[in-house]
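# Results of the structural survey
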Amino acid sequence: MEEKIQALFYKLRRIGISFLIYQERNITEQVKKIIPEIQEFVLWFLEGNRFGIEEELYQDMSSNLLHILEDILEALKQNDTVLLYDATANGLLDYLQLFVELEQEEEADDDL
Amino acid sequence: MTIYEKNLKTLAAHYPEMDRRIEEAQVESTLEIIEEVSLDGEKILKIKKDDRTCYLNGKRDAHELAQKWVEAMGKLQRDTPVLMMGIGNFFYLKELAEQMEKNLTIVIYEPSLEIFLKFLEMVDIQKWMEKHLIVFWVNGLEGMESKNLGGMLEQVLRYELLDHVKYFVLPNYEILFPEEAIAFVKTCRDVALKALSRYETNILFAGVMVKNLFSNARYLCDGYKTTQLVEVIPKDIPGIVVAAGPSLNKNIKELKRAKGKAFICAVDTAIKPLIREGIIPDMFAVVDGLKPVELVKKEEAQQIPLLTTLNASPEVLDYHTGMKLFFNEGYQFAEEIFKRSGHMPGDVSSGGSVATHIFSFLWKIGIETIILVGQDLAYTNNKAYADGTFHDKMDEEDTSDFIMVEGNFEEKVPTKPDLKLFIDWYNMYITGIKERDKKLRVINATEGGAKIQNTEIMTLKEAIDQECTKEVDIRERLEKLPPMLNPEAREWAVDYLKGIPQKFQKVKEGAKKMKKLYRKLDKICDKKNIDKKEYLSIMKKIEKQLKIIEAIDVYQLVSITMSNAHYMLLGEQHVQQQSLQKEGKEIAEMGIAYVEDAERCAVVFEEYAEELFGNLS
């Protein structure tokens, strides 16, 4: 799963940069293509608290993640690029980064 | 006082009447504005329009889009025009205005009056307005129709700034206002193209122009003013613009029937074909500085009244012996003479071609129905001009890679970018007139070519049958007019023109003084530690000396001729140097080059003036 998360993280980051810096406005089409990967990540996250975090925090995070997914789907429906960027870059990407960073940290730990 | 009221006051302080326009504007509700608070605590907008709902800011991070946009642009030079569509996410303006140094020119086009009004409620704009030149162009406010946006942008998009311009459509505006977004981008592109074309034309004509001006200025002493025609040409007869497009071949013979029942004005290139058909127009026009006299070299043409400009080909004016009509073109020395005539000032819009000049002239003298003939503005049947203009039989050209535009009779016709500019000019000009003057009718009787908006399309036969119903002897009416200058004013004008060489001597002397000042500046900047006081003092002296030269009325001619050098200077102003020393050296170097050119011009022009005005009597 980690590899998939990492791949999704970089794809979303690239889409975000192209929107933000290069004014690429057609990001809905790009995000549509990776919707199955996004859904897979969300389902995986919601399957259960296997991350060693407090249950209350996990529940809040799960609920927030569902809001993010809702926003992504709504943005795709409305062709709303601002909401789509916001939900992915300031929402989903934060979640993905947790695992990307975790992985990097773990690698660093292994090196020690 | 609410933020909205304060903003109205701020806007009114920068743009008189703006507050009234806003308060009197009629809001036509085409969308719903939903206000929310973002997760980072900012008021943000969501717009519901045509069954679609879109955010204008991020609901989690309201600032990020704008912050990153401004960061990505890097440092902008002073005067850089930033053209933005949309103000619904005001953080774009906030970031731009606050992060950038002073003096940007920010033009904001907002297609929705409702969003603009909401924006005025949300944030205080006073500090930003004081720091930069900010222009709001809002659909729905009086005088700010989107079709007039181009005219305003022309003031902003000067050639020397083209490299620096930033265009931006706020995210989701292209979704919510797709037509307006396309029109905005197209307008920006067209205006930039125009600025480029105007600059290139300026360079080409600059050298030729001053020589022509002096040569033609002699004719001002016995010339006529276009505004004099208002008194003698009846408004209820049609004016006919005879251009030399390829379709003129189809209906040229028909024009015979209009003679004596209309005011027929031909472009220079149409003169020969008309005379060959036995048609003597009531007037013809020459405005081009490079037009060869051969185009009008026909004995019959010599006495036809001529509408012309001071920078038209002098060969043509010398060949022509009849009545010459001039209009105000803004040349300071000529304006002095026009003032002495006592006649109403009156210009003619250029539009870029001789036919557009005639069109504007006819409207300005009060003609209510204008008929266009031979005004193809396209390569009808793949030809550029009518037969008998440049050649007896014009060659067909390969138009496969030409722009295609809507035709009068055909769905699409091929045209070139310069002709497309004339089409755009007609569209804009006629629309503008019709808003003020409901009586104007424009009949396009070209019988081919490109479509011009707001014109009635008919054959020339139909147009003549319908409109040319009243007899009028134009020649007799024109012959009654006295020249614009009475004998006393004429004498003054002759003396004034004879005094022009001395004015150039003054320009020469002023340029020499400036050169000395620039050299001094250069010397100051050689030192390791620049004396800032001395630096500023010399800059002030340069500025003062420049003002003295600029006050000499013929200096304008020097500056026009040097548009190339001037461009270099203007362009340089927009590149801020890293140090005062570097900046000073740069200014001195460019300044010396500039004044040396100015001096050279003044010497040459003094000679021209002596040669052309010396024997005036």
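The structure contained in this document is the topic of the report that follows. (Residues numbered from 1 in each chain as written. Chains lettered and ligands numbered in written order. Predicted model: local features only at pLDDT ≥ 70, side-chain atom pairs only at ≥ 80, totals over all residues.)

Before going further, it helps to spend a moment on the overall build of chain B. Secondary structure assignment for chain B yields 23 helices and 18 strands. Every one of the 617 residues in chain B was classed for burial, and the buried ones make up 41%. Put simply, of all contacts in chain B between residues at least 6 apart along the chain, 71% involve residues at least 24 apart. (Helix = DSSP H or I, 4+ residues; strand = E, 2+ residues; numbered from the N terminus. Buried ≥ 20, exposed ≤ 12 C-beta atoms within 10 Å, placed from the backbone. Contact = placed C-beta atoms within 7 Å.)

A separate point is the overall build of chain A. Secondary structure assignment for chain A yields 5 helices and 0 strands. If you list the helices and strands of chain A from N to C, you get α-α-α-α-α. Here chain A holds 112 residues, and the buried ones make up 29% of them. Considering only contacts within chain A whose residues lie at least 6 apart along the sequence, 66% involve residues at least 24 apart.

Time to look at the interface of chain B and chain A. For an interface, size is often stated in terms of accessible area lost upon the parts coming together. On the side of chain A, 13 residues touch chain B, which itself brings 18 residues to the contact. Put simply, the parts of the chain that give the side of chain B that touches chain A at least two residues each are strand 3 (52-55), helix 3 (64-73) and helix 8 (173-176) of chain B.

What follows is about the packing of helix 1 (residues 2-20) of chain A against helix 3 (residues 35-46) of chain A. All names here are of chain A. In the contact formed by helix 1 and helix 3, the axes pass within 10 Å of each other and the chain directions differ by 130°. Accordingly, the angle class assigned to the pair helix 1 and helix 3 is oblique. Note on packing geometry: the crossing formed by helix 1 with helix 3 is left-handed. Note on element contacts: helix 3 touches helix 1 through E37, I38, E40 and F41, opposite K4, I5 and L8. (Axes fitted to C-alpha atoms, helices over the stretch in contact; angles between N-to-C directions. Parallel < 35°, antiparallel > 145°, perpendicular 65-115°, else oblique. Left-handed = near helix turned anticlockwise from the far one by under 90°.)

Take the packing of helix 1 (residues 3-14) of chain B against helix 5 (residues 113-122) of chain B next. Residue and element names in this part refer to chain B. It is the contact of helix 1 with helix 5, at a shortest axis distance of 6 Å, that shows an interaxial angle of 105°. Between helix 1 and helix 5, the crossing angle belongs to the class labelled roughly perpendicular. Contacts between helix 1 and helix 5 involve I3, Y4 and N7 from the first element and L120, E121 and M122 from the second.

So, about the nonpolar core. Residues and elements named next belong to chain B. In terms of nonpolar packing, the biggest core is built from 123 residues, with V241, V242, C265, I358 and V373 touching the most fellow members. A total of 10 residues in this core trace back to one element, the largest contributor, which is helix 23 (residues 580-613). When residues of this core are sorted by domain, at least three fall in each of domain 2 (223-400 + 461-488) and domain 3 (499-613). Filtering out sequence-adjacent residues up to four positions away, I358 remains in contact with V241, C265, V267, A285 and L307. (Core = buried A, V, L, I, M, F, W, Y, C linked by C-beta atoms within 7 Å. Domains from an automatic or database assignment.)

Either a parallel or an antiparallel arrangement is found when strands of a sheet pair, and the pairing is made through backbone hydrogen bonds. Residue and element names in this part refer to chain B. Strand order in this open sheet of 4 strands is 6-5-4-7, and the pairing throughout is parallel. In this open sheet, the two edge strands, each paired with only one partner strand, are strand 6 (133-138) and strand 7 (166-169). Each strand of the sheet is rotated relative to its neighbour by a mean of 15°, with strand direction disregarded. Where strand 4 (residues 81-85) and strand 7 come together, 4 bridges link them in parallel fashion. (Pairing = 2+ DSSP bridges.)

Turning to the environment of I275(B), a few remarks are in order. Residues and elements named next belong to chain B. Position of I275 relative to the elements: it lies in helix 11 (residues 271-276). For I275 and E300, which are 25 residues apart along the polypeptide, the C-alpha to C-alpha distance reads 7.4 Å. Non-local contacts of I275, meaning those with residues more than four positions away in its chain, are made with I280, K298, E300 and A301.

With that out of the way, let us pick up unusual backbone geometry. Residue and element names in this part refer to chain B. Of note, D51 is a non-glycine position whose phi angle comes to about 60°, a positive value. Along the chain, D51 turns up in the loop between strand 2 (43-49) and strand 3. Here D51 falls in the exposed class, since 6 other C-beta atoms lie within 10 Å of it. A positive phi angle is found at L377, which is not glycine, with a value near 55°. On the secondary structure map, L377 appears in the loop between strand 14 (369-373) and strand 15 (403-406). L377 sits in the buried class, given 31 other C-beta atoms within 10 Å.

Once that is clear, we can look at the sheet that holds strand 10 (residues 263-267) of chain B. Residue and element names in this part refer to chain B. A sheet is described by the order of its strands in space; here 9 strands give the open sequence 8-13-12-11-10-9-14-17-18, paired in parallel fashion. The open sheet terminates on both sides in strands that have one partner only, identified here as strand 8 (224-225) and strand 18 (456-457). Here strand 11 (residues 283-286) runs beside strand 12 (residues 306-308); their pairing, made up of 3 bridges, is parallel. When the sheet's bridge partners are listed, F284 is paired in strand 12 with L306.

Attention now goes to helix 7 (residues 149-156) of chain B. Two residues of an α-helix separated by three or four positions point the same way, owing to the 3.6 residues in each turn. Residue and element names in this part refer to chain B. Buried within helix 7 are the following residues: L149, L153 and V156. The arc enclosing the buried residues of helix 7, seen along the axis, measures out at 45°, which places them on a common side. Pointing more than 90 degrees away from the buried face of helix 7 are the exposed residues G151 and Q155. (Arc of directions from axis to C-beta.)

Let's shift gears to the environment of L93(A). Residues and elements named next belong to chain A. As for its placement among the helices and strands, L93 is situated in helix 5 (residues 81-111). The class of L93 is partly exposed, set by 19 C-beta atoms lying within 10 Å. For the pair formed by L93 and F9, sequence separation is 84 residues and the distance between their alpha carbons is 6.4 Å. When sequence neighbours within four positions are dropped, the list of residues in contact with L93 reads F9, L12, R13 and T88.

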